[in-house]
Amino acid sequence: MTDAGLTSTAPADEVRAPAVVKIDGVSKRFVIRKDNSLKERIVTLGRAGRRHREDFWALKDVSIEIPAGQTVALIGHNGSGKSTLLKVIGGIIDPTGGSVARRGRIAALLELGAGFHPDLTGRENVYLNASILGLSREETEAKFDDILAFSGIADFIDTQVKFYSSGMYVRLAFAVAVHTDPDVLLVDEVLAVGDEAFQRKCLDKIRAFQQEGRTIVLVTHSLAQVQELADRAILLNHGEVVADGDPVEAVAAFRNILETRRQSEAAARIAAQGGQLALVREGHVHSATATAVGREPGDEVRPGDDLLISVVVSHEPGIDDWVCAIQIDDTLGAVVYGTTTRRVGVELPHLSTPRRVDFLLKNVAFGGGKYFVHASLMDMAGVHLHDLPQATSFDAPSHPDYVGIVHALPVLSDAGEVVPDSAP
Amino acid sequence: MSETARAQRLSRLAHEELVTVAGEGAAGGTWHAIGEIARHREMLMLLIRRDLKSRYKDSVLGFAWSLVKPIFQLLIYFVIIGHVLGAAANTPNYGVYVFAGLIIYGFFSEIITGSTGSIVGNSGLIKKIYLPREVFPLASVGSAVFNFSMQFVILLAATVLTRAFPISPGLVYLLPSVLLILVYGTAFGLLLAAANVYLRDIQYLVEVVMMLLLWASPIVYPFTMASTQIAKVFGAHSWVQQIYTDNPITLAVLGFRKAMWTSGQALGPAMYPDHLLLRTGVAFVVGVILLVLFQRVFARLQGNFAQEI
């Protein structure tokens with residue numbers, strides 16, 4: 001453990017990993033019906049019935065092969081087909097076309113406590129749930145103490161689960177699910193439940209699973225989790241695989257899709273409002289751009305670049321004392337950077353007609369990912385006259401040696417054996 | 001240590017065969033389904049226990065309640081219809097006579113209504129976990145079997161009390177009658193369970209049909225009474241007569257009664273149609289064919305269960 005971690009990066013693959021899931025040209029069509037009762041069906045029988053149906057392709061010709069021991073994240077916006085794909089892998093939904101082949105024991109964790117019956121006690125539910133997930137009675141008995149210990153609800157195991165708090169419910173369900181010894185674990189968003197301590201426990205368990213060579217396919221909206229846990233990410237958009245491979249690149253591609261959608265939605269909203277808001281407000285932030293000096297607009301902002309953020313502002317009746325501010329957020333909404341003209345101490349002239357304020361950020365060092373720039377116009381009291389949230393965005397290139405929002409190259413060396421400081 | 005666990009798992013998986021589970025080339029067929037259910041038999045038992053346990057949840061008497069209802073049913077038919085309305089005058093030991101018919105019919109009715117709602121009622125599981133979906137109707141069948149055996153115990157007690165304990169050659173009809181109901185109940189249960197997913201009206205329709213069938217079978221009235229009436233109106237060998245006599249419910253009710261109601265032997269064989277055992281045998285074979293057929297229909301429809309419920 002001491003220096004092995006430094007010399008070898010990837011675990012030695014003495015055994016060639018066999019494919020555990022093989023999806024070949026899978027398509028899934030949902031028929032959306034608008035008539036659901038016998039009467040309506042009969043009334044709209046035949047040709048008229050066609051008009052009451054609508055086809056929706058949740059998956060279109062998806063082919064994926066997942067080797068054993070890999071952790072794969074399925075990402076995509078809501079309705080992109082990722083949960084459907086997970087259900088097709090799990091055999092819960094039959095595909096309309098194509099085929100799914102698997103080997104090994106599979107456990108689907110699409111919902112914690114699916115199959116828990118409120119009127120049965122925790123103990124009875126453990127046996128029922130374990131059996132549903134494919135464990136025999138003897139196996140459950142052998143693991144019962146472990147399950148109980150992991151769940152941490154020992155005192156309540158013989159209470160009906162309808163009296164459980166939601167946290168207890170989820171803890172027991174997760175405890176059962178992770179003790180079923182699956183070769184392939186399908187996880188859908190369930191890691192987002194429970195308190196922080198429990199979430200950490202779940203993630204630790206997932207990592208232990210990875211170490212043991214289990215295959216994990218997970219659907220999540222937490223892109224940070226994707227980059228942290230997954231070896232591979234598959235990006236789905238409208239039922240098609242758009243990107244498949246390195247999680248960092250797939251996540252970047254996904255963020256671009258989201259950003260495009262956001263921009264078109266925002267444009268539609270402004271058009272719908274007919275620009276009337278601008279008349280009401282006295283101050284106005286027209287636009288903001290972010291470009292690295294010496295690069296084209298839209299290029300990645302590399303560590304060491306000077307980043308030029310230009311904000312165009314105006315004020316209808318005119319204002320003497322004013323402040324222009326910018327803020328840079330990462331995709332999770334956390335503030336990465338912020339500054340104002342007042343903070344820097346710049347004297348600004350009277351503002352009425354549009355003027356441009358340039359913020360030149362020297363020698364930036366952003367970690368890989370997408371960043372959003374917000375621009376604001378304020379008076380000296382700090383009252384926001386006008387904000388332009390997510391006025392623009394830029395990307396920073398990701399680096400294989402680190403994750404996070406700060407660029408700093410790691411240089412590692414083994415400094416030899418040391419004697420730890422002992423307490424005096 | 002974990003590295004070896006990893007290597008072991010990978011080499012074990014490499015020796016396992018890649019099985020096509022869905023889509024083109026997936027294994028199907030009745031045998032495959034039976035194998036799947038057999039592998040999940042432990043879970044099937046747990047599901048039946050869950051059904052039974054949750055039914056009398058939090059009640060002090062618990063399972064005893066499953067006995068209370070049939071006891072009172074027996075008393076009502078014995079006192080009201082038998083003695084107050086005078087049906088017992090023509091039929092010896094009328095209580096046992098009616099109760100035998102009622103519980104065998106109740107067995108069928110419980111299988112059908114239970115299975116019909118079983119898929120929709122377990123939507124939480126079906127949408128989230130893969131299981132052979134046949135287990136849900138089968139669990140309903142299982143809990144119906146349990147209730148039937150409870151009622152059977154009451155029936156036996158009643159025969160002891162009326163000094164008419166059924167030890168007679170008629171007992172050969174007992175098992176065929178019960179099996180007949182089991183086969184037809186399971187067959188139609190599977191079909192209706194699947195159909196109900198796509199058309200929720202089925203479960204209400206089933207309730208009405210069950211009520212009709214109760215009076216369309218010789219349960220409360222004697223078989224000969226209806227049979228002679230039908231012969232008068234449609235003729236002795238008309239198709240109505242055939243359907244009335246050879247439908248599995250009539251056959252099972254008559255067979256079960258022949259086994260359990262010994263007081264009727266004095267009235268002679270006129271109470272029953274000829275060749276009852278042969279008719280039951282033929283109906284059983286037809287029932288098995290229907291069971292296989294309806295299981296195929298169920299297997300066809302089950303692919304879309306998860307998205308329809």
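The rules we used
- Sequence positions are assigned chain by chain, starting from 1 and proceeding in written order.
- The order in which chains are written sets their letters, starting at A; the order in which ligands are written sets their numbers, starting at 1.
- Two thresholds apply to this predicted model, a pLDDT of at least 70 for residue-level local features and 80 or more for giving and counting side-chain atom pairs, whereas whole-chain, interface and lining totals are computed over all residues.
- The side-chain numbers reported here are obtained from all heavy atoms of the structure, hydrogens and water having been left aside.
- Strands are treated as partners if at least two bridges between them are detected by DSSP.
- In this description a helix means any DSSP run of H or I spanning at least four residues, a strand means any run of E spanning at least two, and both kinds are numbered starting from the N terminus.
- To get an axis, fit a line to the C-alpha atoms, keeping to the stretch in contact for a helix; angles then go from 0 to 180 degrees between the N-to-C directions.
- When the centres of two rings from Phe, Tyr and Trp lie within 6.5 Å, Trp using its six-membered ring, the rings pair. Their planes under 30 degrees apart give stacked, over 60 give edge-to-face, and anything left gives tilted.
- Relative accessibility under 20% of the residue-type maximum defines a buried residue, over 50% an exposed one, and the middle range a partly exposed one, all with a 1.4 Å probe and only protein chains included.
- Working definition of a nonpolar core: buried Ala, Val, Leu, Ile, Met, Phe, Trp, Tyr and Cys residues. They are joined through side-chain atoms within 4.5 Å.
- Residues count as neighbours in contact if any of their non-hydrogen atoms are within 4.5 Å of one another.
- The buried area of a pairing is the accessible area, by a 1.4 Å probe, that goes missing from both parts when the two are put together, added over both.
- A pair is scored as a salt bridge if a Lys or Arg side-chain nitrogen falls within 4 Å of a carboxyl oxygen belonging to Asp or Glu.
- Between N or O atoms, a polar contact is any pair within 3.5 Å; within protein, one atom must be a potential hydrogen donor and the other a potential acceptor, and residues adjacent in sequence are included only when both atoms are from side chains.
- Each residue receives one of three labels: charged for Asp, Glu, Lys and Arg, nonpolar for Ala, Val, Leu, Ile, Met, Phe, Trp, Tyr, Cys and Pro, and polar for the others, Gly being one of them.
- Given the number of residues in a helix, its expected span is that number minus one, multiplied by 1.5 Å.
- In this description, the arc belongs to the directions extending from the helix axis to the C-beta atoms.

Points about the sheet that holds strand 6 (residues 184-188) of chain A
Residue and element names in this part refer to chain A. On the basis of which strands lie adjacent, the open sheet formed by 6 strands has the order 5-6-7-3-8-9 and mixed pairing. Across the chains shown, the open sheet's two edge strands, defined by having one partner strand only, are strand 5 (106-109) and strand 9 (240-245). Mean inter-strand twist for the sheet, computed between neighbouring axes without regard to direction, equals 15 degrees. Pairing between strand 5 and strand 6: 4 bridges, direction parallel. Within strand 6, the residue paired with A108 across the bridge is L186.

Some thoughts on the packing of aromatic side chains
Residue and element names in this part refer to chain B. The final tally for this structure, using the stated rule, is 16 aromatic pairs over all chains. Both rings, one in Y97 and one in W261, keep their centres 4.6 Å apart while their planes meet at 65 degrees; by these two values the pair is edge-to-face. One end of the pair, Y97, is in helix 5 (residues 94-121); the other, W261, is in the loop between helix 12 (248-260) and helix 13 (276-302), with 164 residues separating them in the sequence. Across the pair, W261 and Y97 agree in class, each one buried. When the centroid spacing of 5.2 Å and the interplanar angle of 70 degrees are considered together, the rings of F188 and F294 count as edge-to-face. Here the residue F188 occupies a position in helix 8 (residues 174-198), and F294 occupies one in helix 13, the gap between them amounting to 106 residues. Taking the relative accessible area as the measure of exposure, F294 reaches 11% and is therefore buried.

Let's talk about the nonpolar core
Counting residues in hydrophobic clusters, the biggest one holds 75 residues, and the most contacted among them are A:I75, A:F174, A:L185, A:V226, B:I119, B:F136 and B:F305. If one sorts the elements of this core by residue count, helix 7 (residues 166-178) of chain A sits on top with 9 residues. Setting aside chain neighbours within four positions, we find B:F136 in contact with B:L47, B:S118, B:I119, B:N122, B:L125, B:I126 and B:L131. If you look at the next biggest cluster of nonpolar residues, it comprises 58 residues, including B:F108, B:L180, B:Y244 and B:L290.

Comments concerning the interface of chain B and chain A
Of the residues lining the interface, 45 residues belong to chain B; the matching set on chain A comes to 62 residues. Both sides of the chain B and chain A interface together cover about 4500 Å² of buried area, and 56% of this is carbon and sulfur. When the buried area of chain B at its contact with chain A is split by residue, B:R9, B:L18 and B:K128 rank highest and sum to 15% of it. On inspection of chain B and its partner chain A, the count reaches 4 salt bridges. With a closest N to O distance of 3.5 Å, B:R9 and A:D181 form a salt bridge. Counting across the interface, chain B meets chain A through 15 residue pairs in polar contact (both at pLDDT 80 or more). When residues of the side of chain B that touches chain A are traced back to their parent elements, those giving at least two are helix 1 (2-15), strand 1 (19-23), helix 3 (41-55), helix 6 (123-126) and helix 14 (305-308) of chain B. If one sorts the elements of the side of chain B that touches chain A by residue count, helix 1 of chain B sits on top with 11 residues. When grouped by side-chain class, the residues that make up the side of chain B that touches chain A number 20 nonpolar, 9 polar and 16 charged.

Section: helix 9 (residues 201-216) of chain B
Residue and element names in this part refer to chain B. For helix 9, spanning 16 residues, the distance from its first C-alpha to its last is 22 Å, which sits close to the expected 22 Å at 1.5 Å a residue. Taken together, the buried positions of helix 9 are occupied by I202, V206, M210 and L214. Angular distribution of buried residues about the axis of helix 9 spans 115 degrees; they occupy a single face of the element. Along helix 9, exposed side chains directed more than 90 degrees from the buried face belong to Y204, M211 and L212. On the buried face of helix 9, the contacting elements are helix 5 and helix 8.

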